[in-house]
Structure formats: C-alpha cells, structure tokens
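The residues making up each chain are set out below.
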Amino acid sequence: MRLYSQSEVYSNMNFFDLIMQGEDEDENILVLTKTVSKTKRPPLYKVLLLNDDYTPMEFVVVVLERFFGMTYEKAFEVMLTVHKKGVAVVGVFSFEIAETKVGQVMEFAQRHQHPLQCTLEKED
Ligand code: TYC
C-alpha cells in the first residue's frame, strides 16, 4: 500500500484541512489534504486620553489636532468629553500606529511639562 499526500499552506494563520480519500487503478489508497486559510484581521487598539487637573484645555486641543487629525471644533468637543468623563477613546489603530501615537503625545506633554496621560488598550 502506498500513501500519497499533498498539502498546500496559504497562510500561517488559522487553517483547517480538507481531507479527500480514494483509490487509484492499483488500489493504492490516495489521501489528499488541502489546507485552506481563514484570513484573520490584525487586532485593533484604542488610544485613550485621560483627564487631569493641570494640563491646559488649549494644550489638549492642540494634541488632538496635531496627532489625531481632528478639526479645532472636533478636538474641543473630545477634550471636553475627557474633561467631564475622565477618559475618552481618541482613535483606534493597529498596535504599531497606536503605540506611536501614545509615544508622540507623551513626549509632547513631557516636553511642555504637562502631566497629560495617554495610553492604549486592546479592542475586544
Ligand atoms: N481638566 C483639565 C483642566 O481643567 C483639562 C484637560 C482635558 C486635561 C482633557 C486633560 O485629557 C485632558 N485644565
């Protein structure tokens, strides 16, 4: 008896095998497996801005305009949400982009000696 096997891998992510069995002319058992990929989206991360008692409102507005591409009006509205509620999601990105935004905000705040805090959280 001979066993034939064939496998194709389209992705290193989640996959499942389709197994087909049969016999050829000499009654050898033929097993063909084909691996089919399930495409998986990369996880997303929320960037959160936290309220504090000392960072000037106008500074927070500049942060939101500069690093999150908001208009002055949108930035003012989001800043007020953080001020009133304590925290708000200011953007959702891939890990690399989210991490870069957090780093830029933290560096900018520290350079201006404001205690503004920005962090990231994996989206469920
Ligand atoms: N609470 C600050 C103040 O009254 C303003 C502020 C808003 C600070 C948003 C941080 O993320 C923040 N000056």
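Since the model is a prediction, treat every value here as computed from it, not as a measurement.

A. Broad picture of the nonpolar core. Among the nonpolar cores identified, the biggest contains 25 residues, and Leu 49, Val 63, Leu 64, Phe 68, Val 90, Val 105 and Leu 116 are the most heavily contacted of them. At seven residues, helix 1 (residues 57–68) tops the list of elements feeding residues into this core. The contact partners of Val 105, leaving out residues within four places of it in the chain, are Leu 49, Val 63, Phe 67, Phe 68, Leu 116 and Cys 118.

B. Looking closely at unusual backbone geometry. One non-glycine residue, Gln 113, adopts positive backbone phi at about 55 degrees. The residue Gln 113 is located in the loop between helix 3 (95–111) and strand 5 (117–122) in this model.

C. Spatial organisation of helix 2 (residues 72–85). With 14 residues, helix 2 extends 20 Å from end C-alpha to end C-alpha; this agrees with the ideal 20 Å at 1.5 Å per step. Along helix 2, the residues classified as buried are Ala 75, Val 78, Met 79 and Val 82. Seen along its axis, helix 2 keeps its buried residues to an arc of 105 degrees; they face one direction. Those residues of helix 2 that are exposed and angled more than 90 degrees off the buried face are Glu 73, Lys 84 and Lys 85. Considering only its buried residues, helix 2 is in contact with strand 3 (45–50), helix 1 and strand 4 (87–93). Positive phi shows up at Gly 86, right after helix 2, with a value of about 100 degrees.

D. Representation of the pairing of strand 3. Buried residues dominate strand 3, accounting for five of its six residues. In terms of strand pairing, strand 3 meets strand 4 through six bridges, oriented antiparallel. Across the sheet, the residue bridging to Leu 48 is Val 89, located in strand 4. Across six bridges, the pairing between strand 3 and strand 5 is antiparallel.

The rules behind the values
Going along each chain's sequence as written, the residues are numbered from 1 onward. Under the rules for a predicted model, residues below a pLDDT of 70 receive no local features and side-chain atom pairs below 80 are neither given nor counted, while totals for whole chains, interfaces and linings still include all residues. Each side-chain value is derived from all of the structure's non-hydrogen atoms; neither hydrogens nor water enter the calculation. Take the buried residues of types Ala, Val, Leu, Ile, Met, Phe, Trp, Tyr and Cys, join any two whose side-chain atoms come within 4.5 Å, and each joined set is a nonpolar core. Burial classification: accessible surface area is computed with a 1.4 Å probe over protein chains only, and a residue below 20% of its type maximum counts as buried, one above 50% as exposed, and the rest as partly exposed. Strands are runs of DSSP state E lasting at least two residues, helices are runs of H or I lasting at least four, and both sets are numbered from the N terminus onward. In what follows, a contact means two residues having at least one pair of non-hydrogen atoms within 4.5 Å. Given the number of residues in a helix, its expected span is that number minus one, multiplied by 1.5 Å. Each direction from the helix axis to a C-beta atom contributes to the arc, which is the arc of those directions. When DSSP finds at least two bridges between two strands, those strands are taken to pair.

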